[in-house]
Amino acid sequence: MPNSTQKYRVCVIEDDPDVAFFMKTVLEKRADSVVLTITAPATAMQQIAEFEPDLVLTDIEMPGVSGLDILKQLRVEYPGMPVVVMTAHVSVDYAVSALRSQADEFLTKPVASADLVSIVTRLAEEGRTRMAASAPLVVLAIGAHPDDVEIGVGGILSAHRDAGNKVVILTMSRGARGGDAQNRQHESLAAAELLGARLFMEDLEDTQISAADPTVGIIERVVAEVRPDIVYTHSAHDRHQDHRAVHAATLVATRSVRTVCCYQSPSATIDYRPTRFVPIDGFTDAKLALIDCFQSQTELRAYLEPDFVLATARYWSRFGGGQNCEPLEVIKDTADISMPVSSMTQGTRFKGNNA
Ligand SMILES: [Zn+2]
């Protein structure tokens with residue numbers, strides 16, 4: 001997600017190298033931009049894909065390719081990206097075609113540098129706001145062992161996927177104490193695939209997970225890479241030392257994350273005290289299917305029996321809505337009324353807010 005403190009990235013498609021150089025110089029000096037000039041328009045789409053610009057400026061009359069064709073392709077592949085078309089030949093036809101193809105601005109050459117700077121700055125900023133608003137919500141679920149997050153938030157994660165959110169799972173160990181590590185790794189992969197989640201599988205020593213490094217560093221790296229809006233992790237109120245360690249490390253490593261919540265594990269203690277109850281009606285079968293991926297455990301552990309999983313979800317609905325809920329301890333939830341509109345919209349996409 002672009003950040004408004006970063007320089008604007010601008011592509012200038014212009015077959016005249018002198019004009020291209022002039023525009024690059026003006027925009028880099030006066031519009032806080034990094035500019036890629038493309039003088040061979042046939043390669044434009046490929047170079048744009050690699051450069052990932054905030055905005056494209058294109059000439060119309062170029063050998064082999066028309067800027068209007070490039071505009072049409074950009075509209076299909078990058079619907080929210082601002083595009084400015086330019087021409088040296090003042091023609092009503094061009095202007096009409098450009099507007100029909102939804103150019104954001106139409107400029108006639110020679111372009112005054114003040115106009116260039118003001119148009120590029122305004123459109124690039126608007127484009128960033130649009131892109132940020134349409135970026136999918138990203139959720140990261142962190143567990144000490146394979147199957148922890150599926151048991152804790154399998155229903156909530158399924159609901160996130162159903163809503164089009166990006167789901168990432170980080171598992172800190174391969175669970176060698178609870179079974180064959182190789183097997184459990186395959187089970188984790190199968191569950192992540194079923195869910196449509198991206199899986200980070202670490203290899204810390206089962207039962208020996210530290211609350212400091214390397215655990216904190218691992219979580220920090222994943223947070224920096226996927227930039228989650230919401231993180232789910234273990235509770236501090238848990239008998240298992242690995243779960244408590246992952247809880248503590250998560251709190252340190254998620255300073256930049258807006259919302260952090262703790263799920264219930266089978267080893268949660270009587271002090272586990274949830275304050276949010278997320279309805280998972282419609283996703284209980286999905287949750288059972290995720291848990292069923294962990295065959296090496298389901299044969300051994302009574303708490304993985306479907307009726308027990310469902311009874312637990314049924315019980316928590318007494319505090320929430322619907323028939324079945326997953327409970328969460330809210331550690332922080334910093335969405336507030338001063339947030340810009342796009343962020344508020346993302347907040348409401350988190351199914352089952354305070355019930
Ligand atoms: Zn565990």
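Just so you know, the residues in each chain are numbered from 1, in the order the chain's sequence is written. Residue-level local features of this predicted model are given only where pLDDT is at least 70; pairs of side-chain atoms are given and counted only at 80 or more, and the full residue set underlies all totals for whole chains, interfaces and linings. Calculated side-chain values reflect all of the structure's heavy atoms, with hydrogen atoms and water omitted.

Chemist: Tell me what's going on with the overall build of the chain, and back it up with residues and numbers.
Modeler: What the chain contains, in helices and strands, is 13 helices and 12 strands. Looking at the 355 residues of the chain, the share that counts as buried comes to 48%. By definition, residues are in contact when any of their heavy atoms lie within 4.5 Å. Contacts spanning at least 24 positions in sequence make up 77% of the contacts within the chain whose residues lie at least 6 apart. Here the Shrake-Rupley method, with its probe set to 1.4 Å, supplies the accessible areas, and only the displayed protein chains count as covering residues. Approximately 16500 Å² of the chain is accessible, and the part contributed by carbon and sulfur atoms is 53%. For the purposes of this entry, the term helix denotes a DSSP run of H or I that reaches at least four residues, the term strand denotes a run of E that reaches at least two, and both are numbered from the N terminus. Each residue's exposure class comes from its accessible area (1.4 Å probe, protein chains only) as a fraction of the maximum for that residue type: buried when under 20%, exposed when over 50%, partly exposed otherwise.

Chemist: Account for the coordination of the zinc ion, with residues named and values stated.
Modeler: Water is not among the atoms examined, so metal sites may look incomplete; donors are the N, O and S atoms within 2.8 Å of the metal, or within 3.2 Å for Na, K and Ca. Bound to the zinc ion are the protein donor atoms His145 (ND1), Asp148 (OD), Asp148 (OD) and His243 (NE2), situated 2.1 to 2.4 Å from the metal. Working rule for geometry: tetrahedral if four donors all subtend angles between 85 and 135 degrees; square planar for four, octahedral for six, if opposite donors exceed 155 degrees and the others stay between 65 and 115; irregular in every other situation. What the four donor atoms of the zinc ion show is an angle range of 56 to 133° at the metal, which sorts the shape as irregular. Sequence spacing of the donor residues for the zinc ion, all on one chain, is H-x2-D-x94-H. With Asp148 in helix 6 (residues 148–162) and His243 in helix 9 (residues 241–253), this pair connects stretches of sequence that are 95 residues apart. Here Asp148 matches His243 in class, with each residue buried.

Chemist: Before we move on, can you summarise the confidence of the model for the chain with the specific residues and values?
Modeler: In low-pLDDT regions, the fine details of the predicted coordinates are not to be read closely. In the predicted model, the chain carries a mean pLDDT of 87, and the fraction of residues at 70 or more is 89%. Within the chain, the lowest mean pLDDT, 40, falls on helix 13 (residues 341–348), and the highest, 97, falls on helix 9. Residue-level confidence of the predictor is what pLDDT reports, using numbers from 0 through 100. Predicted confidence is poor over residues 336–355, with pLDDT under 50, and the contacts of this stretch with residues over four places away or in other chains come to 37 contacts.

Chemist: Tell me about the nonpolar core, and name the residues and values.
Modeler: In terms of nonpolar packing, the biggest core is built from 25 residues, with Val153, Leu157, Tyr232 and Leu328 touching the most fellow members. Residue assignment for this core shows that the elements contributing at least two residues are strand 6 (138–143), helix 6, strand 7 (166–173), helix 7 (181–195), strand 9 (230–233) and strand 10 (259–263). No other element matches the five residues that helix 6 contributes to this core. Residues Val138, Ile218, Val231 and Val246 belong to the second largest nonpolar core, which totals 23 residues. Each nonpolar core is a collection of buried residues, namely Ala, Val, Leu, Ile, Met, Phe, Trp, Tyr and Cys, held together in the definition by side-chain atoms within 4.5 Å.

Chemist: Any chance you could break down the packing of aromatic side chains for me, citing the residues and the numbers?
Modeler: Side-chain rings of Phe, Tyr and Trp (the six-membered ring for Trp) are treated as a pair once their centres are within 6.5 Å; stacked means planes under 30 degrees apart, edge-to-face means over 60, and tilted covers the remaining angles. One pass over the structure, following the stated rule, counts five aromatic pairs. Ring centres of Tyr315 and Phe319 lie 6.2 Å apart, and the angle between their planes is 75°; on these two criteria the pair is classed as edge-to-face. On the basis of relative accessibility, which here comes to 40%, the residue Tyr315 falls in the partly exposed class. One aromatic cluster is present, formed by Phe277, Tyr315, Trp316 and Phe319 through successive ring pairs.

Chemist: Outline the sheet that holds strand 5 (residues 105–108), listing residues and values.
Modeler: Each pair of strands is called paired provided DSSP finds at least two bridges between the two strands. The sheet built from five strands is open, its strands ordered 2-1-3-4-5 with parallel pairing. The open sheet has two edge strands with one neighbour each: strand 2 (33–38) and strand 5. Strand after strand, the sheet turns through a mean of 20° between neighbouring axes, direction not considered. Two elements, strand 4 (residues 83–87) and strand 5, share four bridges in a ladder whose sense is parallel. Across the sheet, Val84 pairs through a bridge with Glu105, a residue of strand 5. Sheet strands in contact with helix 2 (residues 44–51) are strand 1 (8–13), strand 2 and strand 3 (55–59), and its direction is about 160° off that of strand 2. Angular values range over 0 to 180 degrees, each being the angle between N-to-C directions of two axes fitted as lines to C-alpha atoms, with helices fitted over their stretch in contact.

Chemist: How would you sum up the layout of surface pockets? Please name residues and give values.
Modeler: Cavity: a set of points on a 1 Å grid over the protein atoms alone where a 1.4 Å probe fits but cannot get out. Pocket: an open set with protein on both sides within 12 Å along at least five of seven lines, its lining residues, like those of a cavity, having an atom within 4 Å of a point. Grid points are joined across faces, edges and corners, and a volume is the space filled by probe spheres set on the points. By volume, the second largest pocket is sized at about 360 Å³. Along the walls of the second largest pocket sit 20 residues, with His145, His240, His243, Arg301 and Tyr303 positioned nearest its centre. Broken down by class, the residue content of the lining of the second largest pocket amounts to four nonpolar, nine polar and seven charged. Here the term charged refers only to Asp, Glu, Lys and Arg, the term nonpolar to Ala, Val, Leu, Ile, Met, Phe, Trp, Tyr, Cys and Pro, and the term polar to all other amino acids, Gly among them.

Chemist: A description of the environment of Leu310 should follow, citing residues and the corresponding values.
Modeler: One can find Leu310 in helix 12 (residues 306–316). On the basis of relative accessibility, which here comes to 31%, the residue Leu310 falls in the partly exposed class. Those residues within four positions of Leu310 in sequence are excluded, and the remaining contacts are Thr284, Leu288 and Asn324.

Chemist: How would you summarise the pattern of salt bridges if you had to cite specific residues and measurements?
Modeler: Criterion for a salt bridge: a side-chain nitrogen of Lys or Arg within 4 Å of a carboxyl oxygen of Asp or Glu. All told, the structure shown has 14 salt bridges when counted by the stated rule. Salt-bridge contacts for Arg198 lead to Glu225; the nearest nitrogen and oxygen are separated by 2.5 Å. Of the two residues, Arg198 sits in strand 8 (residues 198–204) while Glu225 sits in helix 8 (residues 215–226), which places them 27 residues apart along the sequence. It is possible to trace a salt-bridge network through shared partners that takes in Glu14, Asp59 and Lys109.

Chemist: Can you tell me about the packing of helix 10 (residues 284–292) against helix 12, naming the residues and giving the values?
Modeler: Contact pair helix 10 / helix 12: the axes reach a minimum separation of 11 Å and the direction vectors enclose 140°. Accordingly, the angle class assigned to the pair helix 10 and helix 12 is oblique. As helix 10 runs across helix 12, the sense of the crossing is right-handed. Only Pro306, Val309 and Leu310 of helix 12 make contact with helix 10, whose side of the interface consists of Thr284, Lys287, Leu288 and Ile291. The class makeup of the residues in the contact of helix 10 with helix 12 is five nonpolar, one polar and one charged. Geometric relationships in this document are graded by angle, where less than 35 degrees denotes roughly parallel, more than 145 denotes roughly antiparallel, 65 to 115 denotes roughly perpendicular, and other angles denote oblique. Take the far helix as your reference; a near helix turned counterclockwise from it by less than a right angle gives a left-handed crossing, and one turned clockwise gives a right-handed crossing.

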